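Residues per chain, in single letters:
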Amino acid sequence: MAEAKLIDGKAFAAGLRSRVAEGVAALVAEGVARPGLATVLVGADPASEVYVRSKGKTAAEIGMASFDHRLPAETTQAQLLELIGRLNADPAVSGILVQLPLPRHIDTTQILLAVDPAKDVDGFHPINVGRLGAIAAGAPLDFPVPCTPLGCSMLLADALGSLAGKNAVVLGRSTLVGRPVAQLLLRADCTVTIGHSRTRDLAALCRTADILVVAIGKPELVKGDWIKPGAAVIDVGINRVPGAEGKTKLVGDVAFAEAMKVAGHITPVPGGVGPMTVACLMYNTLQAARRAAGLPFVAV
Ligand code: NAD
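In this text, all values refer to a predicted model and were calculated from it rather than measured experimentally.

Remarks on the packing of helix α1 (residues 9–29) against helix α6 (residues 147–160)
And then number 1: Running from amino to carboxyl end, α1 crosses α6 at an angle of 105°, the nearest separation of the two axes being 11 Å. Classified by the interaxial angle, the pair formed by α1 and α6 is roughly perpendicular. Side by side, α1 and α6 meet where Gly9, Phe12 and Leu16 of the first sit next to Met154, Leu155 and Asp158 of the second.
And then number 2: For the contact of α1 with α6, the residue count by class is 4 nonpolar, 1 polar and 1 charged.

Description of the sheet that holds strand β6 (residues 191–195)
And then number 1: The strand order β1-β11-β8-β7-β5-β6 describes an open sheet built from 6 strands, whose pairing is parallel. The open sheet is flanked by β1 (5–6) and β6, the only strands paired with a single partner.
And then number 2: With 4 bridges connecting them, strand β7 (residues 211–214) and strand β8 (residues 232–235) associate as parallel partners. Looking at the pairing, Ile211 lines up with Ala232 of β8.
And then number 3: The strands touched by helix α7 (residues 178–187) are β5 (167–171), β6 and β7; relative to β5, the strand with the most contacts, the crossing angle is about 170°.

Some details on the side chain of Asp122
And then number 1: Structurally, Asp122 is set in the loop between α4 (108–114) and α5 (126–133).
And then number 2: Despite its burial, Asp122 pairs with no opposite charge; the closest candidate is Lys55, at 5.6 Å N-O.
And then number 3: Residues within four places of Asp122 in sequence aside, it is in contact with Leu97, Val98, Val145, Pro146, Cys147 and Leu281.

Re the pattern of salt bridges
And then number 1: Summed over the entire model, instances satisfying the criterion amount to 4 salt bridges.
And then number 2: Note that Lys57 and Glu61 form a salt bridge whose closest N and O atoms lie 3.5 Å from each other. Of this pair, Lys57 and Glu61 both sit in helix α2 (residues 46–61), 4 residues apart, which is roughly one turn of that helix. In this structure, Lys57 and Glu61 share a single accessibility class: exposed.
And then number 3: A salt bridge links Arg70 to Asp68, with the shortest nitrogen-to-oxygen separation between them at 3.0 Å.
And then number 4: Since its relative accessible area comes to 40%, Arg70 is described here as partly exposed.

So, how was this worked out
- Residues numbered from 1 in each chain as written.
- Predicted model: local features only at pLDDT ≥ 70, side-chain atom pairs only at ≥ 80, totals over all residues.
- Heavy atoms only, no water.
- Axes fitted to C-alpha atoms, helices over the stretch in contact; angles between N-to-C directions.
- Helix = DSSP H or I, 4+ residues; strand = E, 2+ residues; numbered from the N terminus.
- Parallel < 35°, antiparallel > 145°, perpendicular 65-115°, else oblique.
- Contact = heavy atoms within 4.5 Å.
- Nonpolar A, V, L, I, M, F, W, Y, C, P; charged D, E, K, R; others polar.
- Pairing = 2+ DSSP bridges.
- Buried < 20%, exposed > 50% of the residue type's maximum accessible area, 1.4 Å probe, protein only.
- Lys, Arg positive; Asp, Glu negative; His and termini not counted.
- Salt bridge = Lys/Arg side-chain N within 4 Å of Asp/Glu carboxyl O.

Dropping the structure here:
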């Protein structure tokens, strides 16, 4: 049997980053201030440090200014709010990313609410969540959209072209991934069903999917025989499991080797959705800088 085509998120993300870099250069050539991304990290969580470093590095590589704010774990809510207020008011800052999770003593909702929605390049401010929830089919995404879901929808559009009329199943209903993915697929005229931890017979639901997006955080839960032959499978999961020689390895939420034999298209883990997240953050930051300068939205 033919194997699924690999959706190469690493290559697509590299292309997106270079198109964003061209967009940055074009803005600067027009005399607009260089777009700037501010990252805010509270505490020293090692995974968060890796993410923040990669976001700052990528911003610099594509010609944006980057402002790296590291605060100690004992930072108070008031101190963090004060920093966000300063970043909101700073014209050199086009986008603000507050790395989650925040320490327990900080009220994450209040922090996300404090970020200016125009600079909310993660798309987590309730105003932007509401805009995505209310978006009409095909309407432009001229506001910040959560990066990982945006990356999933770009990869699907690139692999399949029009998604109109397709049955899409999204596994996972988190506000960061599953729900916004479902909204983006509705906007693309799919018929969307969301499955989650209380869904009865997930396997049968998945078999109805022309497009299956899995974002649940359970290693290789989705088996090959859950997949409709020829379906496009987007695996958002990132799970660390024991590998060879006592090392750990990364696997997705889909049993990749089995799924390869059934699906029409599939994203690998790593190298699928993962690299899209940071590239889409840069895309959102460029769009925020354009809007701040009164320039129209451009799809890149
Ligand atoms: P989450 O824990 O917030 O949400 C998980 C969702 O999966 C929930 O809605 C839950 O109902 C559902 N779920 C849990 N167990 C289930 C089961 N057995 N059957 C069906 N549904 C089940 O997680 P999240 O933040 O949405 O992330 C999901 C996965 O995506 C994680 O592996 C995470 O590491 C990964 N992720 C990857 C990226 C990336 O850049 N590629 C970004 C964000 C998250």
